[in-house]
Amino acid sequence: MKAFPTLALIVNSGAGRVRPSSVARVREELARRFRVTVHVGSSPDEVARLARQAAHEAEVVVAFGGDGTASRVAAGVVGSDAVFSALPGGSTNHVTRLLGFPADPVRAARLLAGPARFRFLDVGRVDAERILLFLGGTGIDGAIVRDAPLSAKRFFAWRTYLVPGLRHLLDGPWPFTVEVDGIQHVVRARSVLLANGSFLVHPYFRLGPAIDPSDGLLDVLILYPPHLPGWLELFAWTALGRLWRSRYVSSYRGRRVVVRAATPVPAEIDGDSWIGITELAVTVEPRALRALVPAFVRGVGE
């Protein structure tokens, strides 16, 4: 890579922890290595449009926002010659943790402007414009994301999800048909998670023993605790970093996953909420995304 390649910084002004002052400081750090242009979007659709345009004009396209912003920017980069990266500006920042960046956006930008390397990631294709980059789900997972107030994310980060989590804990279960590479599993579940990333909120809270974002497979976790004591058991295994050991979790792996419901259920993809769907289909595109990551910091799952 050239000493001063072009870099487009795609900023989601609506992200929970993005402020004008932090954008200025991030740009200053990135300018040590890159020729930086800043593009500010105020909605997910505008962020996606800016990313698609930037992928044809800049050599590096960097998302600055939460996981939804990172996912939409990555979708705009896939299939182009541009390289993707992301800086933390949201409530959970799963994607930036996966890439090996710290939680502070200025420190993350400083690392990105230093020695760097490429990492290739799978993406889950949802439709022509949307991908699953880290984690999606239907059921309680979707309801929690839907009801987490945007205004609170700036101050409480991932804790914003605690209150809606408790409110929806006993929603469902819903009847689902989960199809993994053509094999159908008929279940009644509180939530069906589709994981390309290996953890939830913090890398210690692992979703599976061998989830790898570059293995060409999507991991499916079906959660079906029947009552509050069942949830407590599931949470205990999660706290031990062994969620998959719970008797109320079933897991599968495949290249194409289709989740069908008889009635509309809430869903989310990388933190972006869908009000209610009856089918969610995701197909893995192996190693389709080339990402720029710190050279001397290992990401989660490597």
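Residues numbered from 1 in each chain as written. Predicted model: local features only at pLDDT ≥ 70, side-chain atom pairs only at ≥ 80, totals over all residues. Heavy atoms only, no water.

A.B. asks: Honestly, the overall build of the protein chain in this entry has me stumped. Any pointers?
C.D. replies: Looking only at helices and strands, one finds nine helices and 16 strands in the protein chain. The burial tally for the protein chain puts 56% of its 302 residues in the buried class. The contacts of the protein chain with a sequence gap of at least 6 include a subset with a gap of at least 24, amounting to 72%. For the protein chain, the exposed surface amounts to about 13,000 Å²; the carbon and sulfur share of it is 56%. Charge separation in the protein chain, taken as the distance between the mean sites of 36 positive and 27 negative side-chain charges, equals 6 Å. (Helix = DSSP H or I, 4+ residues; strand = E, 2+ residues; numbered from the N terminus. Buried < 20%, exposed > 50% of the residue type's maximum accessible area, 1.4 Å probe, protein only. Contact = heavy atoms within 4.5 Å. Areas by Shrake-Rupley, 256 points an atom, 1.4 Å probe, with all protein chains shown as cover. Lys, Arg positive; Asp, Glu negative; His and termini not counted. Charge placed at Lys NZ, Arg CZ, Asp CG, Glu CD.)

A.B. asks: I would appreciate a short explanation of the pairing of strand S3 (residues 60–65) in the present structure.
C.D. replies: The side chains of a regular strand alternate between both faces of the sheet. Along S3, six of the six residues are buried, which leaves the element largely enclosed by surrounding structure. In S3, alternate side chains face the same way, and those of Val60, Val62 and Phe64 on one face and Val61, Ala63 and Gly65 on the other are all buried. Bridging between strand S1 (residues 6–12) and S3 involves five bridges; their strand directions are parallel. The residue of S3 that forms the bridge with alanine 8 is valine 61. In terms of strand pairing, S3 meets strand S4 (residues 83–88) through six bridges, oriented parallel. (Pairing = 2+ DSSP bridges.)

A.B. asks: What should I look at first to understand the packing of aromatic side chains in this one?
C.D. replies: Two numbers describe a pair of aromatic rings. These are the distance of the centres and the angle of the planes. Counted under the stated rule, the structure contains three aromatic pairs. Plain terms: the ring middles of phenylalanine 134 and phenylalanine 199 are 5.0 Å apart, the flat faces sit at 70 degrees to each other, and that makes the pair edge-to-face. Here phenylalanine 199 lies in strand S11 (residues 199–200) and phenylalanine 134 lies in the loop between strand S6 (131–132) and strand S7 (135–139), a separation of 65 residues in the sequence. In this pair, the class of phenylalanine 134 matches that of phenylalanine 199, namely buried. (Phe/Tyr/Trp six-rings, centres within 6.5 Å; stacked < 30°, edge-to-face > 60°.)

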